[in-house]
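Residue-level structure breakdown
Chain by chain, the residues:
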Amino acid sequence: MADQALHAQPASTDGQTRRDFLLYATTAVGVVGTGLALWPFVHSMNPAADTLALSTTNVDLGAIQPGQSVTVVWRGKPVFVRRRTPDEIATATKDDGAELRDPSKDADRVKKPEWLIVVGVCTHLGCVPLGQKPADPKGEFGGWFCPCHGSHYDTSGRIRKGPAPANLPVPPYEFTSDTTIRIG
Amino acid sequence: MSGFKTDNKVIAWFDERLPIFSMLQHSAVEYPTPKNLNYWWNFGSLAGLVMVIMIMTGIFLVMNYTPHTTLAFDSVERIMRDVNYGWLLRYVHMNGASMFFILVYIHMFRGLYYGSYKSPREVLWWLGVIILLVMMATAFMGYVLVWGQMSFWGATVITNLFSAFPIVGEAIVTWLWGGFSVDNPTLNRFFSLHYLMPFVLFAVVFLHVWALHTSKSNNPLGIDVKSPQDTIPFHPYYTIKDLFGVGVFMVFFLYFVFFAPNFFGEPDNYIPANPMVTPPHIVPEWYFLPFYAILRAFTQDILFIPAKLQGVIAMFAAIIVLFFLPWLDGSKVRSATFRPLYKQFFWLFLADCVVLGYVGGKPAEGVLITIGQLATAYYFFHFLVLLPILARIEKPKPLPASISAPVLKGGGMAAGATAQPMEKA
Amino acid sequence: MRKLILTVAAAVLVAGAAPAAQASGGSVELLKTDFSWDGLFGRYDRAALKRGYQVFHEVCSNCHGLRLVAYRNLAYVGLNEDQIKEVAAEREVQDGPNDEGQMFMRAGRAADKFISPFANDNAARAANNGALPPDLSLINKARPNGPHYVYSLLQGYEETAPEGHALPEGMYYNKYFPGHNIGMVPPIADDSVTYADGTKATQQQIAHDVVTFLNWAAEPELDDRKSMGLKTLIFLLVLTGLMYALKRQIWKDVH
């Protein structure tokens, strides 16, 4: 296309080669440059430094009684912290052998069996499941129930029934003392 | 639009239904362009490029900007400090505004020198003046968004211009503000309009280019294209020439962005807006300085017209007069190359504008007031008196027979000069 | 082509002359000094940055805020994670409401912005004899020739005002301050800090170091900006050279 205007010319082969080379070199460098110039635009939409800095949450577990749950905010999402009763722990470990859509052992999902910490976002399409408040429906498996499309989670936060494809994810966290954790 | 042919069936199918490829072929590839355009003809496409850069950086800046008096300043600083490459986007946008005006002013003075506003390009010229007006409004409102001291006081001073109009003035200003001072409602509407205007600008630029492709490019000789010998296809000749210009310009532009990003700015705008304290020297951005000087040049009430109103009228008139330029300059010869007298006065006028800009940036005191008044008088004298007179008394030099004529006379007569257009014909 | 470049350069000079001229509008010429971040290859001197932080922390921060800078940013100055936490925890900030609905005070965290010494401007004025100590986050950008201005101001105190200059009660005479009457107590003198790295703390040294820190506070992106700028300009010069060669090739048959 670039050289159509000069086709009529009796251009020497040498000149033609030199021009083709220049054209390709310039185009290549120009395309690379344009690509690099677009990166700052794209990257500006990634989380900013202050957003990243705020992505840890400290939770005081001291006041939570067995069988109770609290919801804390981490990265703008709800995180479910449940202090499980011995019964709930037993059910969860017993079901390790059940038929699971997303197989995972209960022991791999907790650091201390008493404390279950999962991101409270349904893995189907992002609704927040019910089951944190005493009066909430907890689903057929005693964990959580997502009202949007009817997914049931068990007492280990594993998907047991409904359209969701995966278990409630466990966020990265660590015990900073016996009664406090840091999420993130 | 007949020249487009392709072997690609899909493209052919599409083009039959929406002739976008034919249009490109017609207006960006084959488009016959005078072959003698010099580098001053690069500035139009450069201005177009900066417009695109401004819209792009602007859209991405908005993603992190908050238009509220309590948050605007800090949200800009967050962009500078925390957003990935936010400082780059913001400095490009900030310096891009200055670049846009540099390019457009050069583009306009090129038009003045080579008579590009004359028949048949009057509408093309009008559209250009409208572009300038839209740019000014956009730049002014954008500057306010930062909500620094200069933003706030610039907004206060400029909106107060409208209070000069008798009877309705005060009501207009209150309406512009959405309150009794520049405040949150003002900031919000400026933000809305600052986002809207660039798209208006884009539309007017489209019309500008359409008008250009209808009346065709002027050229340094200012004479009409007489035969295919006088033109070359836009691509590849002017695409590569424009691209080379882009490279040179980007070096200039990015030097400021990376190494002197606040060169065109005012330190006071890094102080958050404070409605209780006016900075000692308020100056507008440099590209408004000549008009600012005209605004301040009027200090005496004349009859029933207060000085304030005179200044406001004169400032607007300084741009409005450009609409009448094609008729004020009655000379049939376009290019200053062949107008010995006009050429002198062109440079004098350019110098006058520079003087106005200088005066506009200084405190109004002492001899500068008089200089500003004389320069203002000369500005209007140039358009309203000098140009009509020159058209009558000036004896232009003889024009060349055609664009390719001087080359042929020069004896160079290279094969290319004739081979080229033959192929076009 | 040369004419074109000259004209563009002239246009820029004219454009820049106005603000630049204004910038030097102060009646006194500022002290001369070189800063490590000047010029194309300029970068922050990390040792000076750390010393400057020490000065800010021990002296300036008693009255001045730095509200746009976060404690976590101090990693760039050379503080480690524990030191940052320690500094952040020195002041308290209001948070809440808690489960009982009460607002409460908690120690600062690394993710917080610098907590200002006074709750608001009125409190700052009340504590400072009616004068408002400005926030220093942007001071180097918010004054004409900022770095040199702050550098000079810090060293511009005179014991007694020149004859004929009426100095109001509770004010100090400073050569470089607009109007010369400044409310700030002379903040630094020789040895008013003891540097951790053993550098001799002359008044000049202290001023230079703290100006370095304040410039970083105002332009934390400067190091990145300049190194990216060099790469970008070199790349563009190569690309422009190629385009020029291609342009000559394409145009060589047009006369």
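Residues numbered from 1 in each chain as written. Chains lettered and ligands numbered in written order. Predicted model: local features only at pLDDT ≥ 70, side-chain atom pairs only at ≥ 80, totals over all residues. Heavy atoms only, no water.

The next thing to look at is the overall build of chain A. The secondary structure content of chain A amounts to four helices and nine strands. Secondary structure elements of chain A occur, N-terminal to C-terminal, as α-α-β-β-β-α-α-β-β-β-β-β-β. The C-alpha atoms of chain A give 28 Å as radius of gyration, which overshoots the globular expectation for 184 residues (16 Å, by more than 25%). Projected onto its principal axes, the C-alpha positions of chain A cover 90 × 35 × 25 Å. The buried share of chain A, taken over its 184 residues, is 39%. Here the contacts in chain A between residues at least 6 apart in sequence split such that 53% fall between residues at least 24 apart. For chain A, the separation between the mean place of its 19 positive charges and that of its 19 negative charges on side chains is 3 Å. (Helix = DSSP H or I, 4+ residues; strand = E, 2+ residues; numbered from the N terminus. Rg over C-alpha atoms; globule rule 2.2 N^0.38 Å. Buried < 20%, exposed > 50% of the residue type's maximum accessible area, 1.4 Å probe, protein only. Contact = heavy atoms within 4.5 Å. Lys, Arg positive; Asp, Glu negative; His and termini not counted. Charge placed at Lys NZ, Arg CZ, Asp CG, Glu CD.)

The next subject is the pattern of salt bridges. Residue and element names in this part refer to chain A. Per the counting criterion, the structure on display carries 27 salt bridges over all chains. Between Arg83 and Glu114 there is a salt bridge, and its shortest N-O distance comes to 2.8 Å. Within this pair, whereas Arg83 is found in strand S3 (residues 77–83), its partner Glu114 is found in the loop between helix H4 (106–109) and strand S4 (115–119), the two being separated by 31 residues in sequence. Salt bridges sharing common partners tie together Asp95, Asp96, Asp154, Arg158 and Arg160. (Salt bridge = Lys/Arg side-chain N within 4 Å of Asp/Glu carboxyl O.)

Quick look at the nonpolar core now. Residues and elements named next belong to chain B. Counting residues in hydrophobic clusters, the biggest one holds 143 residues, and the most contacted among them are Phe100, Phe101, Tyr105, Leu112, Tyr379 and Phe383. Per-element tally for this core: the top contributor is helix H5 (residues 86–113), with 18 residues. Once residues within four sequence positions are removed from consideration, Leu112 is found in contact with Tyr117, Trp125, Leu325, Tyr342, Phe346 and Phe349. (Core = buried A, V, L, I, M, F, W, Y, C linked by side-chain atoms within 4.5 Å.)

Another aspect to go through is the sheet that holds strand S5 (residues 181–182) of chain C. Residue and element names in this part refer to chain C. Read from one edge of the open sheet, three strands run S3-S4-S5, paired in antiparallel fashion. The strands lining the two open edges of the sheet, one partner per strand, are strand S3 (157–158) and S5. As paired elements, strand S4 (residues 172–174) and S5 share two bridges and run antiparallel to each other. Opposite Tyr172, over in S5, you have Ile182 as the bridge partner. (Pairing = 2+ DSSP bridges.)

Take the environment of Ser69(A) next. Residues and elements named next belong to chain A. Within the fold, Ser69 resides in strand S2 (residues 69–74). In sequence terms Ser69 and Asp106 are 37 residues apart; their C-alpha atoms lie 18 Å from each other. The contacts of Ser69, once residues within four sequence positions are left out, are Val81, Arg82 and Gln132. Here Arg82 takes part through its side chain, which lies 3.2 Å from a polar atom of the side chain of Ser69. (Polar contact = N/O pair within 3.5 Å; in protein donor to acceptor, adjacent residues only side chain to side chain.)

Another aspect to go through is the side chain of Asp268(B). Assignment of secondary structure puts Asp268(B) in the loop between helix H10 (234–259) and helix H11 (289–296). Although buried, Asp268(B) forms no salt bridge, and the nearest oppositely charged side chain, Arg143(C), lies 5.8 Å from it. Among all residues touching Asp268(B), those that are not within four sequence positions of it are Gln149(B), Met150(B), Pro279(B) and Ala142(C).

Let's shift gears to the interface of chain B and chain C. Contact residues are listed per partner, giving 59 residues for chain B and 49 residues for chain C. Of the roughly 4,700 Å² buried where chain B meets chain C, counting both sides, 76% is carbon and sulfur surface. Across the salt bridge formed by Arg67(C) and Asp74(B), the nearest N and O atoms sit 2.8 Å from each other. Linking chain B to chain C there are six residue pairs in polar contact (both at pLDDT 80 or more). Taken together, the elements giving at least two residues each to the side of chain B that touches chain C come down to helix H4 (72–81), H5, H10 and helix H17 (415–424) of chain B. The element contributing the most residues to the side of chain B that touches chain C is H10(B), with 18 residues. Class assignment of the residues belonging to the side of chain B that touches chain C gives a composition of 43 nonpolar, seven polar and nine charged. (Buried area = accessible area lost by both parts, 1.4 Å probe. Nonpolar A, V, L, I, M, F, W, Y, C, P; charged D, E, K, R; others polar.)

Attention now goes to the domain arrangement of chain A. Split by domain assignment, chain A resolves into domain 1 (1–46) and domain 2 (51–183). Look at where the C-alpha atoms of domain 1 of chain A and domain 2 of chain A centre, and you get two points 56 Å apart. (Domains from an automatic or database assignment.)

Okay, the environment of Ala171(B) next. All names here are of chain B. In this fold, Ala171 is placed in helix H8 (residues 169–177). Accessibility expressed as a relative area gives 52% for Ala171, which makes it exposed. Distance from Ala171 to Pro398, taken between C-alpha atoms, is 57 Å for residues 227 residues apart in sequence.

Residues and elements named next belong to chain C. Mapped onto the elements of the fold, His148 is located in helix H6 (residues 146–154). Since its relative accessible area comes to 17%, His148 is described here as buried. Not counting residues within four places of it along the chain, the set of residues in contact with His148 comprises Leu30, Leu31, Thr33 and Phe35.

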